[in-house]
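Each chain, written out:
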Amino acid sequence: MHFDAFDRYHEKESFLHRLDPRVKALVTVIFIVSNALLPDGAWLAFVFGWMFLIAANLLSQLGIGYTLKRSLVALPFALIAITVLFSIPGEPIFTFQFFTSHLVITDAGFLRFVSILIRSWLSVQMAILLVAVTRFPDLIHALEHLKVPAILTTIIAFLYRYLFVLTDEVFRLIRARESRSAASTGKRAGRGVLWRARVAGNMAGQLFLRSYERSDRIYNAMLSRGYSGHLYTLNAHEMKPRDYYVTALAIVVIFVTQVLGRF
Amino acid sequence: MPVTHVKNSFSQPEIGSDVLTVKDLHFSYPDGHSALHGVSMKLSAGDKVALVGPNGAGKSTLMLHLNGILGGHGEVEIAGQRLTRDNLPAIRAMVGLVFQNPDDQLFSPTVFEDVAFGPLHMGLPEADVRARVDAALEAVRMTTYRDRLSHHLSVGEKKRIAIATVLSMNPNLLILDEPSAGLDPRARRTLINLLRELPITMLVSTHDMKLVQELFPRTIVMDEGRVVADGLTTDILEDETFLTAHGLEKP
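Source: prediction; values computed, not measured. (Residues numbered from 1 in each chain as written. Chains lettered and ligands numbered in written order. Predicted model: local features only at pLDDT ≥ 70, side-chain atom pairs only at ≥ 80, totals over all residues.)

Asks: Tell me about the overall build of chain A, and name the residues and values.
Replies: On a plain count of helices and strands, chain A comes out with eleven helices and two strands. The N-to-C order of helical and strand elements in chain A reads α-α-α-α-α-α-β-β-α-α-α-α-α. At 24 Å, chain A has a C-alpha radius of gyration far larger than the 18 Å of a compact globule built from 263 residues. Here the C-alpha coordinates of chain A stretch approximately 70 × 60 × 35 Å along the principal axes. Counting every position in chain A, which comprises 263 residues, the buried fraction comes to 25%. The long-range fraction of contacts in chain A, counting pairs at least 24 apart against all pairs at least 6 apart in sequence, stands at 76%. (Helix = DSSP H or I, 4+ residues; strand = E, 2+ residues; numbered from the N terminus. Rg over C-alpha atoms; globule rule 2.2 N^0.38 Å. Buried ≥ 20, exposed ≤ 12 C-beta atoms within 10 Å, placed from the backbone. Contact = placed C-beta atoms within 7 Å.)

As structure tokens, then:
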């Protein structure tokens, strides 16, 4: 039984797939930081950033709309920024009554809200693309070689390995509950909400205990093979001239985006 | 005698020398539950020994002592070296312990990284690590799985990779906890053939009495933290009253 819902990697032989994972990780991070630094309402820079993204999409052979479709999933998180609509002082453009409070949307607030939406939307798409064109173990290696602290890369690696095992565990628990959630004829199945909540709570507890015990066994398996507090890996990647060119080009493009956004 | 070069690189100490000596081993878990009451045994180079007994007999506890993950009272010697806190890393390279659940054993994202884990921690140079990974995967016939992701493998495949992860350390002693549990007949057959071919001293805990009968000339029976029998498999499997008394069945 496999549960691969989280595996977003798409096997392809494109230019982006062959690029060194370090380049991809680095350019993605710079792109996201650059987006965050763009001032509000830098429309030209936003369009330029979007073009960069579309070019990357094309190079990945996944199609222009590939990241666009998947980015919608992350959009609700940007709604956290909804409060800026009301909290930035400026000319009121719309007022309404929300229960007892009188809310005013200002032009400056609106401008900032839309800018935040665009910035996060561009950033999320680039991250989606990164995961789609880079095998996850390669990505972890890339982070290691970019001097991300070992404790973080180790946690990410374990998370990736055991996410699938834990998801299977959750589905086994749910299935075990389902198969015993019977009903006598003529009676409604299940008891009150409180009782159901307690069952769900027990299941969460079970999952925690099983994971905790599993972590113990994994640690034993690591000790058995010589683990003493430090993880060693072999570097399977080598930077080619092409990788340097792409990095340089991407940095120039992102720099131009910044310049466009400020003048 | 003419020297012949065997393809398999897993070397063995001289036949007849002791690979494992356990003397009067006692152990209680921190919660007070006492698991081992004076276990003693001896394995010579080339021995393939089955360790059987009911659940809770102390088989797994004993196995965790053999490379120093648990430390009870008593003596454990691997290839003449007494196990102490100082030589733990050296002992762990000599004892290949394969856990029952391959999902616990395979903790790296890819097969290659998992098999390379042991050699890398032994501080071997890169070329040696790669050579050992290749040899270990070759020994379990999984060379083509080198770059696969562990969570995409079937249970039988995971099991064989789990064995490769310790073979890459060139162990003197292979310890397997219930290797045939949860395998379908074909995967079980492949595993049996693999265990038969491997020229390594091994101690295998199992409930699979057919496997014991087929593969292991010698059997050790444990019950309630003690060794209750140690002898020829054919003799032990003949004695039905003895087997029933210790919760076992004649195959």
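Asks: Can you break down the overall build of chain B residue by residue, with the values?
Replies: Per the secondary structure count, chain B includes ten helices and ten strands. Relative to the compact-globule value of 18 Å for 251 residues, chain B shows a C-alpha radius of gyration of 18 Å, a close match. Oriented by its inertia axes, the alpha-carbon framework of chain B measures out at about 50 × 50 × 45 Å. Looking at chain B as a whole, 46% of its 251 residues qualify as buried. Taking the contacts inside chain B whose residues are at least 6 apart along the sequence as the reference set, 68% of them involve residues at least 24 apart.

Asks: Explain unusual backbone geometry to me, and be specific about the residues and the numbers.
Replies: All names here are of chain B. For Asp24, which is not a glycine, the phi torsion comes out positive at approximately 45°. If you trace the backbone, Asp24 turns up in strand 1 (residues 18-28). Asp24 sits in the partly exposed class, given 13 other C-beta atoms within 10 Å. A positive phi angle, near 45°, is found at Glu178, a position not held by glycine. Topologically, Glu178 is positioned in the loop between strand 7 (173-177) and helix 7 (185-197).

Asks: Residues and numbers for the confidence of the model for chain A, please.
Replies: Here chain A averages 85 in pLDDT, and 95% of its residues register 70 or above. Model confidence for chain A, summarised as mean pLDDT per element, is weakest for helix 5 (residues 75-78) of chain A at 80 and strongest for helix 2 (residues 21-37) of chain A at 93. (pLDDT = per-residue confidence, 0-100.)

Asks: Could you give an account of the interface of chain A and chain B, naming the residues involved and the relevant values?
Replies: At the interface, 25 residues of chain A touch 31 residues of chain B. Top element by residues in the side of chain A that touches chain B is helix 10 (residues 193-224) of chain A. It accounts for eight residues.

Asks: Talk me through the sheet that holds strand 10 (residues 226-232) of chain B; I want residue IDs and the actual numbers.
Replies: Residue and element names in this part refer to chain B. If you trace the six strands from one edge of the open sheet to the other, you get 6-7-8-3-9-10, paired in mixed fashion. The sheet is open, and its two borders are formed by strand 6 (95-98) and strand 10, each paired with just one other strand. On average, each strand axis in the sheet is inclined to that of its neighbour by 15°, with strand direction left out of account. This element, helix 6 (residues 155-167), spans strand 6 and strand 7 of the sheet and lies at about 160° to strand 6. (Pairing = 2+ DSSP bridges. Axes fitted to C-alpha atoms, helices over the stretch in contact; angles between N-to-C directions.)

Asks: Any details on the packing of helix 3 (residues 43-59) of chain A against helix 11 (residues 241-262) of chain A? Residues and values, ideally.
Replies: Residues and elements named next belong to chain A. At a minimum axis distance of 8 Å, the contact between helix 3 and helix 11 shows a crossing angle of 160°. It follows that helix 3 is roughly antiparallel to helix 11 by the angle criterion. As for how helix 3 packs across helix 11, the hand of that crossing is right-handed. For the pair helix 3 and helix 11, the contacting residues are Leu44, Ala45, Phe48, Gly49 and Phe52 in the first and Val253, Thr257, Leu260 and Gly261 in the second. Of the residues contributing to the contact of helix 3 with helix 11, the split by class is six nonpolar, three polar and no charged. (Parallel < 35°, antiparallel > 145°, perpendicular 65-115°, else oblique. Left-handed = near helix turned anticlockwise from the far one by under 90°. Nonpolar A, V, L, I, M, F, W, Y, C, P; charged D, E, K, R; others polar.)

Asks: Explain the nonpolar core to me, using residue names and the numbers behind them.
Replies: Ranked by size, the top nonpolar core spans 74 residues in total, and within it B:Ile78, B:Ala164 and B:Ile175 carry the most contacts. Not counting chain neighbours up to four residues away, the residues in contact with B:Ile78 comprise B:Val19, B:Leu20, B:Leu83, B:Ile91, B:Met94, B:Val95, B:Asn172 and B:Leu173. (Core = buried A, V, L, I, M, F, W, Y, C linked by C-beta atoms within 7 Å.)

Asks: Account for the sheet that holds strand 5 (residues 81-82) of chain B, with residues named and values stated.
Replies: Residue and element names in this part refer to chain B. What the four strands build is an open sheet, ordered 2-1-4-5; its pairing is antiparallel. The strands lining the two open edges of the sheet, one partner per strand, are strand 2 (34-44) and strand 5. Direction of pairing for strand 1 relative to strand 2: antiparallel, over a ladder of eight bridges. Among the inter-strand pairings, Ser28 is bridged to a residue of strand 2, identified as Ser34.

Asks: Go over helix 6 of chain B with me, naming the residues and quoting the values.
Replies: Residues and elements named next belong to chain B. For helix 6, spanning 13 residues, the distance from its first C-alpha to its last is 18 Å, which sits close to the expected 18 Å at 1.5 Å a residue. Among the 13 residues of helix 6, ten are classified as buried, and the element is accordingly described as predominantly covered. Within helix 6 the residues assigned to the buried category are Lys158, Lys159, Arg160, Ile161, Ala162, Ile163, Ala164, Thr165, Val166 and Leu167. On its buried face, helix 6 sits against strand 6, helix 3 (102-105), helix 4 (111-121), helix 5 (126-139), strand 7 and helix 7. (Expected span 1.5 Å × (residues − 1).)

Asks: So, the pairing of strand 2 (residues 101-106) of chain A: which residues are in play, and what are the values?
Replies: All names here are of chain A. One ladder, built from six bridges, connects strand 1 (residues 92-98) with strand 2; its direction is antiparallel. Following the sheet pairing, Phe98 is matched in strand 2 by Ser101. Between strand 1 and strand 2, which pair antiparallel one after the other, the connecting turn spans two residues, and Phe99 there sits at a positive phi close to 50°.

Asks: Give a detailed account of the environment of A:Arg135, specifying residues and quantitative values.
Replies: Secondary-structure assignment places A:Arg135 in the loop between helix 7 (107-133) and helix 8 (136-145). Sequence separation between A:Arg135 and A:Gly205 is 70 residues, and the spatial gap between their C-alpha atoms is 33 Å.

Asks: Describe the environment of A:Phe136, with residues and values.
Replies: Looking at the secondary structure, you find A:Phe136 in helix 8. Exposure remark for A:Phe136: the 20 C-beta atoms within 10 Å place this residue in the buried category. Separated by 128 residues in sequence, A:Phe136 and A:Arg8 place their C-alpha atoms 9.0 Å apart. Other than its neighbours up to four places away in sequence, A:Phe136 contacts A:Tyr9, A:Tyr160 and B:Pro109.

Asks: So what's going on with the confidence of the model for chain B? Residues and values would help.
Replies: It should be kept in mind that the predicted coordinates are not to be read in detail where pLDDT is low. All names here are of chain B. The predicted model of chain B averages 88 in pLDDT, with 94% of residues at 70 or higher. For residues 1-8, every residue scores under 50 in pLDDT, and the model assigns this stretch two contacts once sequence neighbours within four places are set aside. Per the prediction output, this complex has pTM 0.76; the corresponding ipTM is 0.76.

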